[in-house]
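Here's the letter readout for the chains.
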Amino acid sequence: MTDALDKAKRVVIKVGSALLVDGAKGEIRGEWLDALVDDIAALRAEGKDVLVVSSGAIALGRRVLGLTTKHLELEQSQASAAAGQILLSSAWADALARHGIRTAQILLTLGDTESRRSYLNARETVNTLLKLGIVPVVNENDTVATTEIRFGDNDRLAARVAQMISADCLLLLSDIDGLYSADPGVDPDATFFPVVEAITPEIEAMAGISRSGFGRGGMITKLMAAKIAVGAGCAMAIASGKIMHPVRAIREGRRCTWFLARETPAAARKQWIAGHLAPLGTLVVDAGAARALRAGRSLLPAGVVEVEGRFQRGDPVRVVNGEGREIAVGLSAYADEDARRIKGHKSGDIADILGYRGRDEMIHRDDLVLR
């Protein structure tokens, strides 16, 4: 099963608070972080994109603010996150800098993944950073999240990010080495599952409760994350992070649980576009554009002769030929007003027409499904 990681082009690694932060001291476990960063550097040396989803801001910040009570009020958690985020981002930046790797911090809330515009902006930001050779470090924006709009754990946040950037592999580093039929800390006869091919009700019933003093996730949230990840074509592993070089250990065959994806991220995304989105507008294209689409190319503004309906950037639209026959469906890179202004024009003219430099394509081929 290490093939899923070996063959992956884009990897998301989730790190929990209990692994990264020394609970007694409220400080970063520097030696452990350095070992993990060595693993990240090894992945990048193979040409893989790596993104980290890191907990720890609240655990670090509460020490700075002198908050010693076991359970923090929401406002105290937000204040702790504000103080701890500086320490957390600095720790990652310093550790990665040892390998000459640059990093950038991204803060997200659940609302950011549900708002189409915020989702697209976050996706493009991450993709740009990865193209520039940066390792993005993502965390839930606890300083503004509330009990109603928060992920509640970084397992699902990691899965949403993996889905957002079409990652091939998601590694959840945890205080447990995989999925068991029961809590192995309570039942020594619990059965370990090295591979899960489908998340059935029986599998979900095996989820337990987190015993971690700092982490907010348990096996329940990890299974929720697995559903999101594999549904997006991303294989996922639950593995122990309590050892040094945890990613290397996975690659060397150390025990972990793999959740299998039945299709690639690209195929899963196309299936989602084709079957789960209702088109909000229509782009009428000329014969040349129709031939280009059938040849596997993107739809350029020059090939669009008419724009119908009201839609925003990232919304689904139909693509029809001159006879009105639907030939494709896809996600528009422009809102309808801007699409009307640039239709029929060359991509090089977009900046002069709109006053900003958007994408060259009206619909990129990765966001388009032929009918």
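Residues numbered from 1 in each chain as written. Predicted model: local features only at pLDDT ≥ 70, side-chain atom pairs only at ≥ 80, totals over all residues. Heavy atoms only, no water.

Visitor: Looking at this structure, I do not really get empty space enclosed by the protein. What am I missing?
Guide: One simple way to see leftover space: roll a probe sized like a water molecule over the atoms. With the rule as written, the count across this model stands at 1 cavity of 30 Å³ or more. The computed volume of the largest cavity comes to approximately 30 Å³. Around the largest cavity sit Q85, L88, S89, W92, Q105, V137 and N139, which together line it. Where the lining of the largest cavity is concerned, the elements lending two or more residues are α5 (74-97) and β6 (135-140). Ranked by residues supplied to the lining of the largest cavity, first place goes to α5 with 4 residues. Each residue belonging to the lining of the largest cavity can be placed in one class, and the counts come to 3 nonpolar, 4 polar and no charged. (1 Å grid on protein atoms, 1.4 Å probe; cavity = no way out; pocket = protein on both sides within 12 Å on 5 of 7 lines; lining within 4 Å. Points joined across faces, edges and corners; volume = space filled by probe spheres on them. Helix = DSSP H or I, 4+ residues; strand = E, 2+ residues; numbered from the N terminus. Nonpolar A, V, L, I, M, F, W, Y, C, P; charged D, E, K, R; others polar.)

Visitor: Sorry, what's going on with the nonpolar core here?
Guide: For soluble globular proteins, the rule of thumb is that nonpolar side chains tend to be buried together. Within the largest apolar cluster, 42 residues are counted, with the highest numbers of intra-cluster contacts made by V12, L51, I165, L170, M236 and F259. For this core, the secondary structure elements donating two or more residues are β4 (49-54), β5 (103-108), α7 (116-131), α8 (154-164), β7 (169-174), β8 (179-180), α10 (219-231) and β11 (235-240). Ranked by the residues each element gives to this core, the list is headed by α10, at 7 residues. Residues in contact with I165, not counting those within four places in the same chain, are R10, V12, L51, R123, V126, N127 and L130. If you look at the next biggest cluster of nonpolar residues, it comprises 39 residues, including L88, A235, A237 and V247. (Core = buried A, V, L, I, M, F, W, Y, C linked by side-chain atoms within 4.5 Å. Buried < 20%, exposed > 50% of the residue type's maximum accessible area, 1.4 Å probe, protein only. Contact = heavy atoms within 4.5 Å.)

Visitor: Where do I start with the layout of surface pockets in this structure?
Guide: Reported here for the second largest pocket is a volume of approximately 900 Å³. Lining the second largest pocket are 32 residues, and of these R123, E124, N127, R359 and D366 sit closest to its centre. Mapped by element, the contributors of at least two residues to the lining of the second largest pocket are α7 and α12 (265-276). Among the elements that take part in the lining of the second largest pocket, α7 stands out by supplying 8 residues, more than any other. For the lining of the second largest pocket, a count of residues per class yields 10 nonpolar, 8 polar and 14 charged.

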